[in-house]
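Structure at a glance
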Protein chains: 2
Amino acid sequence: MSRTENAQKPHDRMAAYLESDMAAVNTLIRERMASKHAPRIPEVTAHLVDAGGKRLRPMLTLATAHLCGYDGPFHINLAATVEFIHTATLLHDDVVDESGQRRGRPTANLLWDNKSSVLVGDYLFSRSFQLMVETGSLRVLDILANASATIAEGEVLQLTASQNLATTEEIYLQVVRGKTAALFSAATEVGGVIAGAPDDQVAALFEYGDALGVAFQIVDDLLDFQGDAGAIGKNIGDDFRERKLTMPLIKAVAKADAEERAFWVRTIEKGKQEESDLQHAIDLLHKHAALFDTSVVARAEAARAKAALAPLPAHPVKDMLVDLADYVVERIN
Amino acid sequence: MSRTENAQKPHDRMAAYLESDMAAVNTLIRERMASKHAPRIPEVTAHLVDAGGKRLRPMLTLATAHLCGYDGPFHINLAATVEFIHTATLLHDDVVDESGQRRGRPTANLLWDNKSSVLVGDYLFSRSFQLMVETGSLRVLDILANASATIAEGEVLQLTASQNLATTEEIYLQVVRGKTAALFSAATEVGGVIAGAPDDQVAALFEYGDALGVAFQIVDDLLDFQGDAGAIGKNIGDDFRERKLTMPLIKAVAKADAEERAFWVRTIEKGKQEESDLQHAIDLLHKHAALFDTSVVARAEAARAKAALAPLPAHPVKDMLVDLADYVVERIN
């Protein structure tokens, strides 16, 4: 392997390895997001799909199917399914969060309206469901139906946990499982299931996806306080402004003295924020080592992801999955 | 049959006939709308489920399963599935329409917020999907996945057709198939499918549901201009105020002279409405016999529904389905 290849990010190497499959997935996505009767649908969807996230979730499905020796056609369906579910939840999230920016571009709810985001999300969710039915695998349907329920439940839980200083790390982790890890673990699990992998390998793939998803979200929440807006495609301090209790905040609140607690009550519970509050919040996170402690949890999850892969056979994809787990936590400054 | 029984409305007779099944459906609905982690979910859902619509759609599934001689347990799952899909679309509709009243009560988006309506709708949709997977029937999954996609597509189409005087009756009927008939026809079709009915009977049940749903929605749109608010659980003229091109309006617009057209352009396309405009709109509908002509189409659809039932065996439920088709159009004054 040349130094250039070595230097590539693991998801870029994975994308290169899965290039022809990903092309098939993209074709299927484009085909199925069409609507004969309602041209608004592909307009809205294209805006989001063309913005091209990293397509990490569908790649996980393709990768795990390959890792388990699958040579049928349905991993393409499942990868498109996973991306449709992801896109549908992004559309609904942006309505819920009243976001103005996603992947560095204006959100669909800003360009069109909330109505379009809600209904086009519903359409994509239904289309994802059709794609899975085509695989003919009830087990796959069961996994993805459960993941969908967990996602929605996590989002509702986040709604009620927001602005609530009593939110514990346990509740936070339930939210994270819902909003992120449930789809990661379903993506990796169905790759194994469609390949007919033995139960211990399927369980291992589920755990890898779960740990990777949890690590990924914790790092995301960390970068919200210390990343730079260009690199993460959103603004620093969004979670603070939206009064979301993410892990760094929860850790700082737990160690707050009376004066600090008053600060958190005012800014998070009462939502009375001033310009200088974000910097003060970040100072408090540093004071209590909340960012460092959060990074320790993220690194432990990445280690859990790598360890989970033990029952899987040696395969170039396996090495990429290991590197991917490392890379997720390497994003931490 | 006593005179009292004769006088009962057909869906009340059907509810009496299906009483023990409906009790099982209600238990299952209550069980599955629970959420260990997010208590907001059953709160929002209970508000809507307890308001107790007529439960027409789940009854159609139970009724058609009985009509085709089914004696297994899964029609209960499917009836609950259909009600969950219906409830999810109502929650999302109320966000889209910015409605304040549903079934004579304040809507969930007003009592909680739009976020809760969107996410709880997503949760119910996922739960409906789990319920269907449990039946183990890929054919049922296929039918309901397709219905879900048609529903979302119809809703998006309605969004772009609103406020547009160029909307044709053809487009209107596509919207109606999406927003109403797709779930009616899926509800009746899966009843036959789960019972293992022969293809011609399944096709007949699909057509019955489709025609009944179309008739039902056309009558609803008619009553929006001539019903009374108490009886229909919403305000007269809502569609006019929301600038929706329903069949009566489309028919009146088609016959408008220059002055009338200017009125429609101002009130529907530009949305500049005054207090007295609703009455003037209703006068124009009467002038062009638009309400009468619409009622003729609804009656034809009800007749199509009844005719579709020919291939089904004689059965008390069959008579109720016939009466139900008559009843839908009897609601017209």
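On a predicted model such as this, the values are computed, not experimentally measured, just so you know. (Residues numbered from 1 in each chain as written. Chains lettered and ligands numbered in written order. Predicted model: local features only at pLDDT ≥ 70, side-chain atom pairs only at ≥ 80, totals over all residues. Heavy atoms only, no water.)

1. With respect to the pattern of salt bridges
Scanning all chains against the criterion turns up 34 salt bridges over all chains. Taking the shortest distance from any N to any O, the salt bridge between A:K287 and A:E260 comes out at 2.3 Å. Placement of the pair is A:K287 in helix α16 (residues 277-287) and A:E260 in helix α15 (residues 258-269), with a sequence separation of 27 residues. With its nearest N and O atoms 2.9 Å apart, the salt bridge here joins B:R266 to B:D277. Here B:D277 lies in helix α16 (residues 277-287) and B:R266 lies in helix α15 (residues 258-269), a separation of eleven residues in the sequence. (Salt bridge = Lys/Arg side-chain N within 4 Å of Asp/Glu carboxyl O. Helix = DSSP H or I, 4+ residues; strand = E, 2+ residues; numbered from the N terminus.)

2. Here we look at the relation of the copies chain B and chain A
With an RMSD of 0.0 Å, the fit of chain B onto chain A corresponds to turning through 180° and sliding 0.0 Å along the axis. These values place the two chain copies in the arrangement generated by a two-fold rotation axis. An overlap of 100% is found between the interface residues of chain B and their copies at the interface of chain A, pointing to a shared contact surface. (Least-squares fit on C-alpha atoms with pLDDT ≥ 70 in both. Contact = heavy atoms within 4.5 Å.)

3. Focus on helix α17 (residues 290-308) of chain A
Residue and element names in this part refer to chain A. The first and last C-alpha atoms of α17 sit 27 Å apart over 19 residues, in line with the 27 Å expected at 1.5 Å per residue. Among the residues making up α17, those that are buried are A290, L291, T294, S295, A298, E301, A302, A305 and A308. Looking straight down α17, one finds its buried side chains confined to an arc of 140°; they lie on one side. When the buried face of α17 is taken as reference, the exposed residues oriented beyond 90 degrees from it are F292 and A307. Taken together, the buried residues of α17 touch α11 (199-226), α14 (247-254), α16 and α18 (316-330). (Expected span 1.5 Å × (residues − 1). Buried < 20%, exposed > 50% of the residue type's maximum accessible area, 1.4 Å probe, protein only. Arc of directions from axis to C-beta.)

4. Considerations on the confidence of the model for chain A
Per-residue confidence for chain A averages 89 on the pLDDT scale, and 88% of its residues sit at or above 70. Throughout residues 1-5 of chain A the model reports pLDDT below 50, and contacts reaching past four residues in sequence, or to other chains, amount to two contacts. (pLDDT = per-residue confidence, 0-100.)

5. Observations concerning the packing of aromatic side chains
For any pair of aromatic rings, the description consists of the separation of the ring centres together with the inter-plane angle of the planes. All names here are of chain A. Inspection of every chain in the model, using the stated rule, returns six aromatic pairs over all chains. Look at F263 and W264: their rings are 5.1 Å apart centre to centre, the planes differ by 65°, and that puts the pair in the edge-to-face class. Note on accessibility: F263 and W264 belong to one class, buried. Note that R331 overlies the ring of F216, its terminal NZ or CZ placed 4.9 Å from the centroid. (Phe/Tyr/Trp six-rings, centres within 6.5 Å; stacked < 30°, edge-to-face > 60°. Lys NZ or Arg CZ within 6 Å of the ring centre and 35° of its normal.)

6. Notes on the side chain of B:D221
Residues and elements named next belong to chain B. Looking at the secondary structure, you find D221 in helix α11 (residues 199-226). There is a polar contact of 2.6 Å between the side chain of D221 and the side chain of Y172. Contacts of D221, omitting those with residues within four sequence positions, involve Y172, D239, T246 and P248. (Polar contact = N/O pair within 3.5 Å; in protein donor to acceptor, adjacent residues only side chain to side chain.)

7. Some points on the interface of chain B and chain A
Where interface size is given, it is often the accessible area lost as the parts come together that is meant. Facing 41 residues of chain B, the contacting portion of chain A comprises 42 residues. On the chain B side of the contact with chain A, B:L119, B:F129 and B:E153 bury the most area, a combined 17% of that side's loss. Our enumeration of links across chain B and chain A arrives at zero salt bridges. Counting the contacts that link chain B with chain A gives six residue pairs in polar contact (both at pLDDT 80 or more). Those elements that provide at least two residues to the side of chain B that touches chain A are α4 (40-50), α6 (74-97), α8 (114-133) and α9 (138-161) of chain B. Residue composition of the side of chain B that touches chain A, grouped by class: 21 nonpolar, eleven polar and nine charged. (Buried area = accessible area lost by both parts, 1.4 Å probe. Nonpolar A, V, L, I, M, F, W, Y, C, P; charged D, E, K, R; others polar.)

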